[in-house]
Each structure stands twice: as C-alpha cells, then as structure tokens.
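A closer look at the structure
Below are the chains, spelled out letter by letter.
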Amino acid sequence: FGSLSPRMTCEQIIAEGMGVHGSPDGRPQRVLVAEVMEEVGLNPATMDRYPHEFSGGQRQRIAIARAMILRPKLVVLDEPTSALDMTVQVQIVDLLRDLQVKYGLAYLFISHDLNVVRAMSHRVLVMKQGDVVEEDEAEALFSGPKTEYARTLLAAALDLRAGIRRS
C-alpha cells in the first residue's frame, strides 16, 4: 500500500512508467491502462479512483498492472502476497503464474512465505545474512535440503503451519 501514492489515481499509478519509457506500442495511455487492468482482474471503470478506495488484493493487482504495462521480461516481486489473506494470496499467485505463461516472464521472487515460494518457483536460493547458502531446483530443495540452515528453515515453517492448524 505504501508504494501507491495516495495523491494519484489508479490510472496515473499504472501509467507512471510510461512517463519515462513511453507507450510500448504507441497506443494511448488510457487504452493501455484499461487493457492491463482487465488483464489483472480489475474493472477499468475504476481507473479514476484512488488507492484507499481499493481492497488490499486490488491494490496488489494495481501494483502488478503498473509493472506489466511496459511488458517487461523480468519482474522483481518482493513479498507480493504478504499482508493478504489466504484466499487472496492464492488468487495473486494464480494471476502471476498466468501472466508468466502468457508473456514468458521471468520472476525474481523474494519471500519469507515458503508455501508461496514452493508454489511459484522453479529454482530457489536460500539466503542467510545476505549470502546464498543453498541453491537448487524448487522440489529438490524442498524435498531434501542439503545445508543445515535450509533444513532448519523448512522445519520451522512446517512447525509454524502445524501450530496454526492446531490453534
């Protein structure tokens, strides 16, 4: 929510990169914003609204639309599902997967939520204090971590999930 200026409309936020890079295909800004809003599951009729008028999941979709309007090949996603409830997390992960397939995107996905990491990632890097301690294909890492730190991290995540289910 903090990355969305409260003084800018949804259209202005999504089109912000076009001010620097121009239109990716020469079409008018409002047309492109409407298209990308539909693509991420937002109603283009809401493009004149401000961020506070949207739910958390809708604000996340605005941020995704802002990244996608210029049709990048690489998108950096830093905790894209944090502070969202489980249902909305699933919707955002599904949206990101669909966009990845449709546009051949590569994601650099940064997260502490190992369930989301497992759902989204092909390869995983485990970091400790800024250093990579393990790197592998996602399923290989999750099924058999090689380093003690990765084993401890995965075990802690499993313990946390088990504790939440018991509560």
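Residues numbered from 1 in each chain as written. Predicted model: local features only at pLDDT ≥ 70, side-chain atom pairs only at ≥ 80, totals over all residues. Heavy atoms only, no water.

**Some details on the overall build of the chain**
Short version of the rule: Secondary structure is summarised from DSSP: a helix means a run of H or I of at least four residues, a strand means a run of E of at least two, and numbering begins at the N terminus for each. Burial status follows relative accessibility: with a 1.4 Å probe on protein chains alone, a residue under 20% of its type maximum counts as buried, one over 50% as exposed, and anything between as partly exposed. In what follows, a contact means two residues having at least one pair of non-hydrogen atoms within 4.5 Å. Where accessible areas are quoted, they stem from the Shrake-Rupley method and a 1.4 Å probe; at the residue level, only the protein chains shown are allowed to cover. Charged residues are defined narrowly, with Lys and Arg counted positive, Asp and Glu counted negative, and His plus the chain ends left uncounted. In this description, the location of a charge corresponds to atom NZ of lysine, CZ of arginine, CG of aspartate or CD of glutamate.
Each helix and strand counted, the chain has eight helices and four strands in total. Secondary structure of the chain in N-to-C order comes out as α-α-α-α-β-α-β-α-β-β-α-α. Dimensions along the principal axes, computed over C-alpha positions, put the chain at roughly 55 × 35 × 25 Å. A burial count over the chain gives 39% of its 167 residues as buried. Within the chain, counting contacts between residues at least 6 apart in sequence, those at least 24 apart form 53% of the total. As displayed, the chain offers around 9900 Å² of accessible surface, 54% of which is attributable to carbon and sulfur atoms. Averaged over its 19 positive side-chain charges, the chain has a centre that lies 2 Å from the centre of its 22 negative ones.

**Considerations on unusual backbone geometry**
Here the phi dihedral of Arg71 falls at roughly 55°; this positive angle occurs in a residue that is not glycine. Topologically, Arg71 is positioned in the loop between α4 (56-68) and β1 (74-78). Its relative accessible area of 33% is what places Arg71 among the partly exposed residues.

**Details of the confidence of the model for the chain**
Operational definition: Think of pLDDT as the predictor's per-residue confidence, scored from 0 to 100.
Here the chain averages 90 in pLDDT, while 93% of its residues score no lower than 70. The secondary structure element of the chain with the lowest average pLDDT is helix α8 (residues 148-166), at 71, and the one with the highest is helix α1 (residues 10-15), at 97. Throughout residues 162-167 the model reports pLDDT below 50, and contacts reaching past four residues in sequence, or to other chains, amount to zero contacts.

**Examining the pairing of strand β3 (residues 123-128)**
In plain terms, the rule: DSSP calls a pair of strands paired once it identifies at least 2 bridges connecting them.
As defined by bridge partners, β3 adjoins strand β4 (residues 131-137) across six bridges and the pair is classed as antiparallel. Note on β4: the bridge partner recorded for Val124 is Asp136. The hairpin formed by β3 and β4 contains two residues between the paired strands, and Gln129 there has a positive phi angle of roughly 50°.

**Quick notes on the pairing of β1**
The two faces of β1 differ: Val75 and Leu77 on one face are buried, but Leu74, Val76 and Asp78 on the other face are not. Relative to strand β2 (residues 106-110), β1 runs parallel, the two sharing five bridges. Residue pairing for β2: Leu77 is matched across the bridge by Phe109.

**Regarding the environment of Gln91**
Along the chain, Gln91 turns up in helix α5 (residues 86-103). Overall, Gln91 belongs to the partly exposed group, its relative accessible area being 38%.

**Overview of the pattern of salt bridges**
Let me state the cut-off plainly: We define a salt bridge as a side-chain nitrogen of Lys or Arg found within 4 Å of a carboxyl oxygen belonging to Asp or Glu.
Tallied over the full model, the rule gives 12 salt bridges. Ionic pairing is found between Arg27 and Glu35, a salt bridge with its closest N-O pair at 2.5 Å. Using a relative accessible area of 32% as the deciding quantity, one classes Arg27 as partly exposed. Accessibility expressed as a relative area gives 34% for Glu35, which makes it partly exposed. The partner of Lys102 in a salt bridge is Glu39, and the shortest N-O contact between them spans 2.9 Å.

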